[in-house]
Amino acid sequence: MKNKLQRFMWGRYGIDRFNRFLLACAFIFLILSMSGMGIFYAAATVLMGYSYFRIFSRNVHKRSAENQRYLKGEMKVRSFFLKKKKALSELKEYRIYKCPECGQKIRVPRGKGRIAVGCRKCGAEFIRKS
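Residues numbered from 1 in each chain as written. Predicted model: local features only at pLDDT ≥ 70, side-chain atom pairs only at ≥ 80, totals over all residues. Heavy atoms only, no water.

Draft legend 1. Examining the pattern of salt bridges more closely. Overall, the coordinates contain six salt bridges when judged by the stated rule. Glu 74 is the partner of Arg 17 in a salt bridge, and the nearest nitrogen-oxygen pair spans 2.0 Å. With Arg 17 in helix H2 (residues 17–33) and Glu 74 in helix H4 (residues 60–90), the pair connects residues that are 57 residues apart, well separated along the chain. Between Glu 74 and Arg 78 there is a salt bridge, with its nearest N and O atoms 3.3 Å apart. Here Glu 74 pairs with Arg 78, and both are found in helix H4, just four residues apart, close to one helical turn. Among the residues examined, Arg 78 registers a relative accessible area of 47% and is labelled partly exposed. (Salt bridge = Lys/Arg side-chain N within 4 Å of Asp/Glu carboxyl O. Helix = DSSP H or I, 4+ residues; strand = E, 2+ residues; numbered from the N terminus. Buried < 20%, exposed > 50% of the residue type's maximum accessible area, 1.4 Å probe, protein only.)

And the structure:
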């Protein structure tokens, strides 16, 4: 039985991260469809159908390109949230000010009292409490 499945899948695309994402979305839509909204059931059915189409597809090049586009988009979203996480962790140690002249963000260590802050971009100086 295992050999028959392996022979059937030979030359087909299989499962990748984009398929896993589609199936996870379909599962979430199925759970939401239990609330009585038929649109979620229809969306889940379409997502599952497209996912299985991708799994059994013999056009490996197109499926791989779709997966690469998905991974690029996923990386953009992940990097956005990683930047926000880093900015939040920096707020514990630094204060962020904007230069009144050019609007450049300037990072100053916390707990130093009133200090003169110099902008590296335009050279303006201003006094702020850190």
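Once the structure has been displayed, the description carries forward.
Draft legend 2. Up close: the nonpolar core. Ranked by size, the top nonpolar core spans eight residues in total: Tyr 97, Cys 99, Ile 106, Val 108, Val 117, Cys 119, Ala 124 and Phe 126. If we skip the residues at most four places from it in the chain, Cys 119 touches Cys 99, Cys 102, Gln 104, Ile 106 and Ala 124. Formed by six residues, the second largest nonpolar core is a distinct cluster that contains Phe 18, Ala 26, Ala 44 and Leu 47. (Core = buried A, V, L, I, M, F, W, Y, C linked by side-chain atoms within 4.5 Å. Contact = heavy atoms within 4.5 Å.)

Draft legend 3. Representation of a positive patch on the surface in the model. A grouping of Arg 95, Arg 110, Arg 114 and Lys 129 is seen on the molecular surface, where their side chains present a positively charged patch. Note on placement: Arg 114 falls in strand E3 (residues 114–118). Here Arg 114 falls in the exposed class, since its relative accessible area comes to 65%. (Patch = residues over 30% accessible without salt bridge, like charges linked within 9 Å, V, L, I, M, F, W, Y side chains within 5 Å. Areas by Shrake-Rupley, 256 points an atom, 1.4 Å probe, with all protein chains shown as cover. Lys, Arg positive; Asp, Glu negative; His and termini not counted. Charge placed at Lys NZ, Arg CZ, Asp CG, Glu CD.)

Draft legend 4. Broad picture of the pairing of strand E1 (residues 94–98). Note that E1 and strand E2 (residues 105–109) share five bridges and pair antiparallel. Across the sheet, residue Ile 96 finds its bridge partner in E2, namely Arg 107. In textbook terms, the turn of a hairpin is the stretch between consecutive antiparallel strands, and for E1 and E2 this stretch comprises six residues, one of which, Gly 103, has a positive phi near 85°. (Pairing = 2+ DSSP bridges.)

Draft legend 5. Structural view of H2. When the terminal C-alpha atoms of H2 are compared, their 24 Å separation across 17 residues agrees well with the 24 Å that a helix rising 1.5 Å per residue should span. Looking only at H2, the buried set comprises Phe 18, Asn 19, Leu 22, Ala 26 and Ser 33. The arc enclosing the buried residues of H2, seen along the axis, measures out at 100°, which places them on a common side. In H2, the exposed residues that point more than 90 degrees away from the buried face are Arg 20 and Phe 27. (Expected span 1.5 Å × (residues − 1). Arc of directions from axis to C-beta.)

Draft legend 6. Molecular detail of the packing of H2 against H4. Direction vectors running N to C along H2 and H4 enclose 70°, while the axes themselves pass 8 Å from each other. One finds that H2 runs roughly perpendicular with respect to H4. Facing Arg 17, Phe 18 and Phe 21 of H2, the residues of H4 in contact are Asn 67, Tyr 70, Leu 71, Glu 74 and Arg 78. (Axes fitted to C-alpha atoms, helices over the stretch in contact; angles between N-to-C directions. Parallel < 35°, antiparallel > 145°, perpendicular 65-115°, else oblique.)

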